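# Structural overview
In case you want the letters, here they are:
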Amino acid sequence: MNSPSAQFVSSRRMSVYDPIHQINMWGEGFKSNGNLSASIPLIDEADLKFDSSQSEDASHGMLGTSNKYEQEANRPIDKIQRRLAQNREAARKSRLRKKAYVQQLESSRLKLVQLEQELERVRQQGMYMGGGLDSNNMCFAGPVNPGIAAFEMEYGHWVDEQNRQISEMRNALNSHISDIELRMLVDGMMNHYAEIYRMKSAAAKTDVFYVMSGMWKTTAERFFLWIGGFRPSELLKILGPMIEPLTEQQRLDIDNLGQSCQQAEDALSQGMEKLRQTLADSVAAGQFIEGTYIPQMATAMEKLEALVSFVNQETLQQMSRTLTIRQSARCLLALGEYFQRLRALSSLWSNRPREPA
Amino acid sequence: MHQAIPYMSSHNNNFGNINENYYSNKKKENHASSKGEEKMILNMVSENAVIVIGKRGCCMSHVVKRLLQSLGVNPAIHEVEEEKDEVIVARELESIIEGNVQFPMVFIGGKLFGGLDRLMATHISGELVPLLKQAGALWL
């Protein structure tokens, strides 16, 4: 008789303490997002259950003491509950404020970097145009095409955004975000690539040779230049190791994609060759006297350039269709980092410390 | 000596054969029979599993040709020479094409397939080869 009642007492005591703890947890949840209100009645249910089981027990004395215990505990519970909930609310608000402040700082910092880069660019252009040390000549040797100048500035912003997206993707893949959020990041990066393709096409309309020669790219990127862009088969080569493990079906699909890319590339290269030949012949035959502008030639080159962008875009799309969302995310991250490194390579190599002459 | 190879015999030619076949659209020959010419183009479209209609010397047409050939297809080619021809051909094809006529155009299985964009996109997504097989332009 003693042991069952002792058992009941201790478990009753526990149930008194547990509801306090649980009320506070649920109280917080209830206050902050209103979702857990359903859980609060559970406490009462739990208490009721214990009460009913208690009443079935023979000892009334025990029932009496447990009730008194419960009443005394209830009043401090209210106050504690309220105070803790208010604390939590204040802490949450403070965290949100801090987050907003940090975000503001980050965007200001980004803007600062952009402005610095623009300043540097303008300064360099000024040096180029100035020519010699003291010459105050007014002849501009730098790019005067306003469309191109605008493109270069936009490209700088594009690269900054790209770098930001790459960091975001890296963090996302290291943490454990949901597939839905990951998809949003993937779509964001794909759209960002679509953006540079649009910009390139617009720039090609003002100066197609500029775009075809990849003048806006760093020297290392230009080393891999192909019709003003990047070979889709190169893209696949870079991504290859990043997407393991693959299912058999995926492997087959990726192989087929590689083959299709190669065929498309070859066809485009041959088209480019033909265009070059036509242009060379025309120049030799004196058709471009004093550089007269022939619309068909420019249109053909613009179309080719657009096609290269298009093929690259389609390749990325097909990859994302074949892969899981996580694999796609890893691919895009790898691609972004590859180009980051390539860009860094240019400045590292050209700025390396040299042997004194 | 060059002729468009009609549909039936093009079956035999497709196996790894990279002969191009041309039908040059000579302006002088066609003055008399513009009606005949009209039929000619439409006939070519229906008689050939794959036909590319493009401007002469256009590098885009070249890309289309090379791509199809690399897949093992032997496309019929119809070259449109000058501005005037372009207009005639465009008018004719209006009956079977909605919207603007843009060269180069690819017809598969007697129907308009599209331009170079569509060709590239369909090839990259892996849908082109099955389509060509279905139209009898490719044999495994």
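Quick note: structure is the one above.
A brief report on the enclosed structure follows. (Residues numbered from 1 in each chain as written. Chains lettered and ligands numbered in written order. Predicted model: local features only at pLDDT ≥ 70, side-chain atom pairs only at ≥ 80, totals over all residues. Heavy atoms only, no water.)

Here we take up a nonpolar patch on the surface. All names here are of chain A. A surface patch of nonpolar side chains, amounting to about 290 Å² of accessible area, comprises Tyr-101, Val-102 and Leu-105. With respect to the helices, strands and loops of the structure, Leu-105 is situated in helix α3 (residues 60-130). On the accessibility criterion, Leu-105 (47% relative accessible area) is partly exposed. (Patch = residues over 30% accessible without salt bridge, like charges linked within 9 Å, V, L, I, M, F, W, Y side chains within 5 Å. Areas by Shrake-Rupley, 256 points an atom, 1.4 Å probe, with all protein chains shown as cover. Salt bridge = Lys/Arg side-chain N within 4 Å of Asp/Glu carboxyl O. Helix = DSSP H or I, 4+ residues; strand = E, 2+ residues; numbered from the N terminus. Buried < 20%, exposed > 50% of the residue type's maximum accessible area, 1.4 Å probe, protein only.)

Attention shifts here to the pattern of salt bridges. Residue and element names in this part refer to chain A. Inspection of every chain in the model, using the stated rule, returns 14 salt bridges over all chains. As a salt-bridge pair, Arg-164 and Glu-168 come within 3.3 Å of each other at their nearest N and O atoms. Separated by four residues within a single helix, Arg-164 and Glu-168 lie in helix α4 (residues 146-174), roughly one turn from each other. For Glu-168, a relative accessible area of 32% corresponds to the partly exposed category. Glu-248 is paired through a salt bridge with Arg-251; the nearest N and O atoms lie 3.8 Å apart. Note that Glu-248 and Arg-251 are positioned in helix α9 (residues 248-284) at a spacing of three residues, about one turn of the helix. Classification of Glu-248 by relative accessible area gives exposed; the value is 59%. Among the charged side chains, a network of salt bridges with common partners joins Glu-161, Arg-164 and Glu-168.

Listed as interface residues are 21 residues of chain A and, on the opposing side, 17 residues of chain B. Overall, the association of chain A and chain B removes approximately 1,600 Å² of surface from exposure, summing both partners, and the carbon and sulfur fraction of that is 73%. It is Gln-263, Lys-274 and Leu-307 of chain A that lose the most area in chain A upon contact with chain B, and together they represent 29% of the buried surface on that side. Between chain A and chain B we count zero salt bridges in total. At the boundary of chain A and chain B, one finds three residue pairs in polar contact (both at pLDDT 80 or more). Residue assignment for the side of chain A that touches chain B shows that the elements contributing at least two residues are α9 and α10 (295-322) of chain A. Of the residues in the side of chain A that touches chain B, the class split is 11 nonpolar, six polar and four charged. (Contact = heavy atoms within 4.5 Å. Buried area = accessible area lost by both parts, 1.4 Å probe. Polar contact = N/O pair within 3.5 Å; in protein donor to acceptor, adjacent residues only side chain to side chain. Nonpolar A, V, L, I, M, F, W, Y, C, P; charged D, E, K, R; others polar.)

Below, the discussion takes up the pairing of strand β4 (residues 105-108) of chain B. Residues and elements named next belong to chain B. Across the two faces of β4 the burial is the same, with Met-105 and Phe-107 and Val-106 and Ile-108 all buried. Bridge count between strand β2 (residues 50-55) and β4: four bridges; the pairing is antiparallel. Bridge assignment links Val-50 to a residue of β4, and that residue is Ile-108. Sheet analysis places β4 next to strand β5 (residues 111-114), joined by three bridges and oriented antiparallel. In the strand pairing of β5, Ile-108 is matched with Lys-111. (Pairing = 2+ DSSP bridges.)

On to the packing of helix α8 (residues 232-239) of chain A against helix α11 (residues 325-350) of chain A. Residue and element names in this part refer to chain A. In contact at an axis separation of 9 Å, α8 and α11 are set at 110° when each is read in the N-to-C sense. Of the possible angle classes, the one that applies to α8 and α11 is roughly perpendicular. In this structure, α8 contributes Leu-235, Ile-238 and Leu-239 to the contact, and α11 contributes Cys-331, Ala-334, Leu-335, Tyr-338 and Phe-339. For the contact of α8 with α11, the residue count by class is eight nonpolar, no polar and no charged. (Axes fitted to C-alpha atoms, helices over the stretch in contact; angles between N-to-C directions. Parallel < 35°, antiparallel > 145°, perpendicular 65-115°, else oblique.)

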